[in-house]
Amino acid sequence: MTRRRPPRSASAEELLTTLQRLTARARQEVQLHQARVELAEALQREMLPATLPALPGLQTAARYLPARSGLDIGGDWYDGFPLPDGTLAFAIGDVQGHDVEATAFMGQIRFGMRAVAATAADPGEIMDRTNDLLLSVDSALFATCTFVRLDPRSWELDTARAGHVPAVWATVDGQSGITDDVGGLPLGIQGGRTYPVTRRRLTTPGAFVLLTDGVVEGPSFPIEEGLDAVERLVASHASAGAEELADAVLQAAERTGHEDDAAVLVLRHDASPCGT
């Protein structure tokens, strides 16, 4: 009979060396991930506009808040810019996915939409052409979005929605609501889509608030409850300034658990000049 030699037990020194090696590797991975998170947040903030267009009778304000966990940064954006015909364009959106890749895709959407809007005034057409543009870059990501066109002469507000959460509105006479506009698929999923346009006339002073789902939805906080809460908040602040209202709406993200990043875009308007 032969006797097998029992395996040699690892010495304390060898175990310590292995532990140190694994700890160093884990630390390196954490540092790399943290660097990507910091890069995504920095890129996100740099890509968002420094100012938004405003005019007599219209105040605008926007806020962006990165995810509380630091893991879901890079998806949300907002924008505002004048169009060649004298109207104003505003947009808000949310990229599926996070980190640096989502931030880069957000930049493609934002700048692509600006380029399209320079030659197309209708929000539905802008959405349609932006969708085709995103499909042409063959990315695996997609994005929800709401695009708004405001005519300062008639105070007509035209909106088109691509799979995005509804907007919230309120007027100083006590009216408020959540928009139920018909929309289309998110951008970057399928070509040949159409995006219906909803037209409103701003006849009473108040606020029109665009937001992303990070403001109104969380792991144990349904989106319907979040939208109802924001509607009540906007109604109670309908006469407040745009900056104050934007701060108040962004604070609503705290009750959702705030695991996603969040963005808010506020249009605080007076009545239509013609009052109709």
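The notes below deal with the structure included here. (Residues numbered from 1 in each chain as written. Predicted model: local features only at pLDDT ≥ 70, side-chain atom pairs only at ≥ 80, totals over all residues. Heavy atoms only, no water.)

With respect to the overall build of the protein
Link 1 in the chain: A tally of helices and strands in the protein yields six helices and 10 strands.
Link 2 in the chain: Counting over 276 residues, the protein shows a buried share of 48%.
Link 3 in the chain: A fraction of 74% describes how many contacts in the protein between residues 6 or more apart in sequence connect residues 24 or more apart. (Helix = DSSP H or I, 4+ residues; strand = E, 2+ residues; numbered from the N terminus. Buried < 20%, exposed > 50% of the residue type's maximum accessible area, 1.4 Å probe, protein only. Contact = heavy atoms within 4.5 Å.)

Thoughts on the nonpolar core
Link 1 in the chain: Residues Trp77, Tyr78, Val95, Met113, Met127, Phe147 and Leu187 are the most contacted members of the largest nonpolar core, which totals 45 residues.
Link 2 in the chain: Broken down by element, this core gets its largest block of residues, seven residues, from helix H2 (residues 99-117).
Link 3 in the chain: Aside from chain neighbours lying at most four places away, what touches Met127 is Met113, Cys145, Thr146, Phe147, Ala160, Arg161, Ala162, Leu187 and Tyr195.
Link 4 in the chain: Ranked by size, the runner-up nonpolar core spans 26 residues in total, among them Ala246, Ala252, Ala262 and Val266. (Core = buried A, V, L, I, M, F, W, Y, C linked by side-chain atoms within 4.5 Å.)

Overview of unusual backbone geometry
Link 1 in the chain: Positive phi outside glycine occurs at Asp138, with the angle close to 55 degrees.
Link 2 in the chain: Structurally, Asp138 can be placed in the loop between helix H3 (123-136) and strand S4 (143-151).
Link 3 in the chain: Residue Trp155 is not a glycine yet carries a positive backbone phi of 55 degrees.
Link 4 in the chain: Structurally, Trp155 can be placed in the loop between S4 and strand S5 (156-162).
Link 5 in the chain: Look at Trp155 and you get buried, because its relative accessible area is 4%.

Side note on the sheet that holds strand S3 (residues 88-95)
Link 1 in the chain: Strand order across the open sheet formed by five strands is S2-S3-S4-S5-S8, with antiparallel pairing between neighbours. Strand pairing shows two members of the sheet lacking a second neighbour, strand S2 (76-82) and strand S8 (197-201), which therefore form its edges. If you compare each strand with its neighbour and ignore which way they point, the axes differ by 15 degrees on average.
Link 2 in the chain: The pairing of S3 with S4 spans eight bridges and is antiparallel. Its bridge partner being in S4, Phe90 is matched across the sheet by Val148. (Pairing = 2+ DSSP bridges. Axes fitted to C-alpha atoms, helices over the stretch in contact; angles between N-to-C directions.)

Brief notes about the sheet that holds strand S7 (residues 176-178)
Link 1 in the chain: Read from one edge of the open sheet, five strands run S1-S10-S9-S6-S7, paired in antiparallel fashion. Each edge of the open sheet carries a strand with a single partner, namely strand S1 (58-65) and S7. Averaged over all adjacent pairs, the angle separating strand axes in this sheet is 10 degrees, with direction ignored.
Link 2 in the chain: In the sheet, S1 pairs with strand S10 (residues 262-269) via eight bridges, with the strands oriented antiparallel. Note that in S10 the partner of Tyr64 across the bridge is Ala263.
Link 3 in the chain: Of the strands in this sheet, strand S6 (168-171), S7 and strand S9 (206-211) touch helix H5 (residues 223-236), which is tilted by about 25 degrees from S6.
Link 4 in the chain: Contacts between helix H6 (residues 242-251) and the sheet are confined to S1, S9 and S10, with S1 contributing the most and set at about 30 degrees to the helix.

Section: the side chain of Arg268
Link 1 in the chain: Within the secondary structure, Arg268 sits in strand S10.
Link 2 in the chain: Buried charge without a partner: Arg268 forms no salt bridge, and the closest opposite charge is Asp270, 4.1 Å away.
Link 3 in the chain: One polar contact links the side chain of Arg268 to the main-chain carbonyl oxygen of Ala238, over a distance of 3.0 Å.
Link 4 in the chain: If sequence neighbours within four positions are ignored, Arg268 has contacts with Gly57, Leu58, Gln59, Val172, Pro205, Gly206, Ala207, Ala238, Ser239, Ala240 and Ala242. (Lys, Arg positive; Asp, Glu negative; His and termini not counted. Salt bridge = Lys/Arg side-chain N within 4 Å of Asp/Glu carboxyl O. Polar contact = N/O pair within 3.5 Å; in protein donor to acceptor, adjacent residues only side chain to side chain.)

Section: the pattern of salt bridges
Link 1 in the chain: Tallied over the full model, the rule gives 11 salt bridges.
Link 2 in the chain: Between Asp122 and Arg199 there is a salt bridge, and its shortest N-O distance comes to 3.5 Å. Within this pair, whereas Asp122 is found in the loop between H2 and H3, its partner Arg199 is found in strand S8, the two being separated by 77 residues in sequence.
Link 3 in the chain: When its relative accessible area of 27% is taken as the criterion, Asp122 is described as partly exposed.
Link 4 in the chain: Residue Asp151 is joined to Arg153 by a salt bridge in which the shortest nitrogen-to-oxygen separation is 3.4 Å.
Link 5 in the chain: By relative accessible area, Arg153 is classed as exposed at 54%.
Link 6 in the chain: Salt bridges sharing partners connect three or more residues here, namely Asp85, Asp122, Arg149, Asp158 and Arg199.

Coordinates in, geometry out; function isn't part of it.
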